[in-house]
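As a plain string of letters, each chain reads:
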Amino acid sequence: DAKTTQPPSMDCAEGRAANLPCNHSTISGNEYVYWYRQIHSQGPQYIIHGLKNNETNEMASLIITEDRKSSTLILPHATLRDTAVYYCIVRSMEYGNKLVFGAGTILRVKS
Amino acid sequence: DAGITQSPRHKVTETGTPVTLRCHQTENHRYMYWYRQDPGHGLRLIHYSYGVKDTDKGEVSDGYSVSRSKTEDFLLTLESATSSQTSVYFCAISEVSGVFFGQGTRLTVV
C-alpha cells in the first residue's frame, strides 16, 4: 500500500470550510483514496473515497488532483462535532484488502 | 455500523490469564480484521480473516491468536495477557465500498 503524508494538526473556525490535505505521491493506478475519521475513543468512521474523479456525499467532498498524487477532503461547514482525527488512506481495488493507517490529522474546530 | 458487535466492550484482567474478544457480524461479510490502537501508534493490524478457517497475521500479531469457525464470528485470543496488551481493540469488516469498524473493546491488563 502506498504511504500518505498529512499535517499533524489543523484548526478551523466553526461554520467555515475545513480543507484537509493529503499527499500520496506513490499511489498506483488501482489504488483508491479513502478518508476516515475517529472521534475520541470511537471506532473509525468512513467518510468518503475516490479513484480519480472528485466525489461528494452528505458528509464531505473529495478533490483529487489530476496526477492523483494528492487530495483534499473538504468539510463545507465545520461544526464542533467535526473535531476528530482524520485519516487519509490509499487502498487497492482488491476486495478485502486491509487498511493501513498513518498518524492522521487532528482537526480542531473552534467556536 | 455494518452490523458489527464487539464483546465485551470493557474488560479488566490479570497478567497471565487468557482473554478472548469476540467480533460478531450479521451481514455475511467474508473479510474481517482485528486492530489495536495505542497512544502514539495509531491503529495497527493484528490479524485478519478472508473466510471461515482462513486467517493471516498482521503487523503486530505476536501474543495473539484468532479463530473463524463461522462466517459471523471472528475471535481474538490473548493466550496469556501481558500489560503491553492493554489497549483498545477494534474489529472491522470489508465491503467493496470500504472497511467499517465496530465500537471497540477497551482491555486493561493489570
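Here we summarise the structure given alongside this text. Since the model is a prediction, treat every value here as computed from it, not as a measurement.

Reading the values: rules and limits
Residues numbered from 1 in each chain as written. Chains lettered and ligands numbered in written order. Predicted model: local features only at pLDDT ≥ 70, side-chain atom pairs only at ≥ 80, totals over all residues. Heavy atoms only, no water. Disulfide = S-S within 2.5 Å. Helix = DSSP H or I, 4+ residues; strand = E, 2+ residues; numbered from the N terminus. Buried < 20%, exposed > 50% of the residue type's maximum accessible area, 1.4 Å probe, protein only. Contact = heavy atoms within 4.5 Å. Buried area = accessible area lost by both parts, 1.4 Å probe. Salt bridge = Lys/Arg side-chain N within 4 Å of Asp/Glu carboxyl O. Polar contact = N/O pair within 3.5 Å; in protein donor to acceptor, adjacent residues only side chain to side chain. Phe/Tyr/Trp six-rings, centres within 6.5 Å; stacked < 30°, edge-to-face > 60°. Pairing = 2+ DSSP bridges.

## What about the state of the cysteines?
Residue and element names in this part refer to chain A.
Here's step 1: Applying the stated criterion to the full structure yields two disulfides over all chains.
Here's step 2: Residue pairing for Cys22: its cysteine sulfur links by disulfide to Cys88, the two sulfurs lying 2.1 Å apart. Torsion about the S-S bond of the Cys22 and Cys88 cystine: about -80°, corresponding to left-handed handedness. Placement of the pair is Cys22 in strand S2 (residues 18-23) and Cys88 in strand S8 (residues 84-92), with a sequence separation of 66 residues. Neither residue differs from the other here; Cys22 and Cys88 are each classed as buried.
Here's step 3: Of the cysteine sulfurs around Cys12, a residue in no disulfide, the closest is that of Cys22, at 18 Å.

## Brief notes about the interface of chain A and chain B
Here's step 1: The interface is formed by 17 residues belonging to chain A together with 20 residues belonging to chain B.
Here's step 2: For the pair chain A and chain B, the summed buried area comes to about 1,600 Å², and 56% of that belongs to carbon and sulfur atoms.
Here's step 3: In this assembly, chain A and chain B are joined by zero salt bridges.
Here's step 4: Taken together, the connections running from chain A to chain B amount to four residue pairs in polar contact (both at pLDDT 80 or more).
Here's step 5: Elements supplying a minimum of two residues to the side of chain A that touches chain B: strand S3 (31-38), strand S4 (45-50) and S8 of chain A.
Here's step 6: When residues in the side of chain A that touches chain B are grouped by element, the largest group, three residues, is from S3 of chain A.

## Structural notes on the packing of aromatic side chains
Here's step 1: Applying the stated criterion across every chain, the model contains 15 aromatic pairs over all chains.
Here's step 2: With 6.5 Å between their ring centres and 25° between their planes, Tyr34 of chain A and Tyr36 of chain A make a pair best called stacked. The pair Tyr34 of chain A / Tyr36 of chain A is uniform in exposure class, with both members buried.
Here's step 3: Consider the rings of Tyr64 of chain B and Tyr89 of chain B, whose centres lie 5.9 Å apart with planes at 65°: the pair is edge-to-face. One end of the pair, Tyr64 of chain B, is in strand S7 (residues 64-70); the other, Tyr89 of chain B, is in strand S9 (residues 87-95), with 25 residues separating them in the sequence. Like Tyr64 of chain B, the residue Tyr89 of chain B is buried in the burial classification.
Here's step 4: Grouping aromatic residues by their ring pairs yields a cluster made of Tyr32, Tyr34, Tyr36, Tyr46, Tyr87 and Phe101 of chain A together with Tyr33, Tyr35, Tyr48, Tyr50, Phe100 and Phe101 of chain B.

## What to know about the sheet that holds strand S7 (residues 70-75) of chain A
Residue and element names in this part refer to chain A.
Here's step 1: The antiparallel open sheet is built from four strands, whose spatial order is S2-S7-S6-S5. Looking at strand neighbours, the two that pair on one side only are S2 and strand S5 (55-56), the edges of this open sheet.
Here's step 2: Of the pairings in the sheet, the one linking S5 to strand S6 (residues 61-64) comprises two bridges and is antiparallel in character. Bridge pairing in S6 places Thr56 opposite Ser61.

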